Amino acid sequence: MYYHLERKFTAEEVFGLPNIKSAKKRVLVAETRSARNKAEKSAMKTAIKKFEAAAVEGNRTEAEGAYKVAVKAVDKAAANGLMHKNNAAHKKSAMTLKLNKIG
């Protein structure tokens, strides 16, 4: 997934933005990174919700598959700095406990 934003500034668009070239670039880079972070965080939340739904149903095989996807998404988010590593560990621990409760 690449979130490259190709934008050229015109005289009208620059109003309200920085005039320095490097500062303009920082604005663009920040937009790109925030879009990437938002997409990855949303994907992580979706994976966790799918696991939660499977766990509530009590379907062990479906929950195990969703668990693997959710744990991978949480680990990826922690590695990319979207969440603190302790928060990721907490989420994974809670999911593991829920998975183990399923009969």
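Refer to the structure above for everything that follows.
Since the structure is predicted, the reported quantities are computational estimates derived from the model, not experimental observations. (Residues numbered from 1 in each chain as written. Predicted model: local features only at pLDDT ≥ 70, side-chain atom pairs only at ≥ 80, totals over all residues. Heavy atoms only, no water.)

S.K.: Run through the overall build of the protein, naming residues and quoting values.
M.R.: When helices and strands are counted, the protein shows three helices and zero strands. What you see in the protein, going N to C, is helices and strands ordered as α-α-α. Of all 103 residues assigned to the protein, the portion counted as buried reaches 24%. Approximately 7,600 Å² of the protein is accessible, and the part contributed by carbon and sulfur atoms is 57%. (Helix = DSSP H or I, 4+ residues; strand = E, 2+ residues; numbered from the N terminus. Buried < 20%, exposed > 50% of the residue type's maximum accessible area, 1.4 Å probe, protein only. Areas by Shrake-Rupley, 256 points an atom, 1.4 Å probe, with all protein chains shown as cover.)

S.K.: Before we move on, could you go through the nonpolar core and cite the residues and values that matter?
M.R.: One recurring pattern in soluble globular proteins: nonpolar side chains tend to sit buried together. Ranked by internal contacts, the top residues of the largest apolar core, which has 20 residues, are Met-44, Phe-51, Val-74 and Met-95. Of all elements in the fold, only α1 (21–57), α2 (60–79) and α3 (85–101) reach the threshold of two or more residues within this core. Look past the residues within four positions of Phe-51 in its chain and what remains in contact with it is Ala-63, Ala-66, Tyr-67, Ala-70, Met-95, Lys-98 and Leu-99. (Core = buried A, V, L, I, M, F, W, Y, C linked by side-chain atoms within 4.5 Å. Contact = heavy atoms within 4.5 Å.)

S.K.: Let's hear about the pattern of salt bridges: which residues, and what values?
M.R.: All chains considered together, the criterion is met by three salt bridges. Two residues, Lys-92 and Asp-75, come together in a salt bridge whose shortest N-O distance is 2.6 Å. Of this pair, Lys-92 sits in helix α3 while Asp-75 sits in helix α2, placing them 17 residues apart in sequence. (Salt bridge = Lys/Arg side-chain N within 4 Å of Asp/Glu carboxyl O.)

S.K.: Describe the environment of Val-71, naming the residues involved and giving the relevant values.
M.R.: Locating Val-71 in the fold gives a position in helix α2. Look at Val-71 and you get buried, because its relative accessible area is 15%. The spacing of Val-71 and Ser-93 is 22 residues in sequence and 9.7 Å in space, taken between C-alpha atoms.

S.K.: Please give an account of the packing of α1 against α3 that cites residues and values.
M.R.: Closest axis-to-axis distance for the α1/α3 pair is 10 Å, and the angle between their directions is 20°. One finds that α1 runs roughly parallel with respect to α3. Regarding α1 and α3, the two cross each other, and that crossing is left-handed. Contacts between α1 and α3 involve Ile-48, Phe-51 and Glu-52 from the first element and Lys-91, Met-95, Lys-98 and Leu-99 from the second. Split by residue class, the contact of α1 with α3 holds four nonpolar, no polar and three charged. (Axes fitted to C-alpha atoms, helices over the stretch in contact; angles between N-to-C directions. Parallel < 35°, antiparallel > 145°, perpendicular 65-115°, else oblique. Left-handed = near helix turned anticlockwise from the far one by under 90°. Nonpolar A, V, L, I, M, F, W, Y, C, P; charged D, E, K, R; others polar.)

S.K.: Account for the packing of α1 against α2, naming residues and giving values.
M.R.: As a packed pair, α1 and α2 sit with axes 8 Å apart at the nearest point and diverge in direction by 155°. By the angle between their directions, the pair α1 and α2 is classed as roughly antiparallel. Note on packing geometry: the crossing formed by α1 with α2 is left-handed. Of the residues in α2, those touching α1 at Glu-40, Met-44, Ala-47, Ile-48, Lys-50, Phe-51, Ala-54, Ala-55 and Glu-57 are Glu-62, Ala-63, Ala-66, Tyr-67, Val-69, Ala-70, Ala-73, Val-74, Lys-76 and Ala-77. Residues belonging to the contact of α1 with α2 are distributed by class as follows: 14 nonpolar, no polar and five charged.

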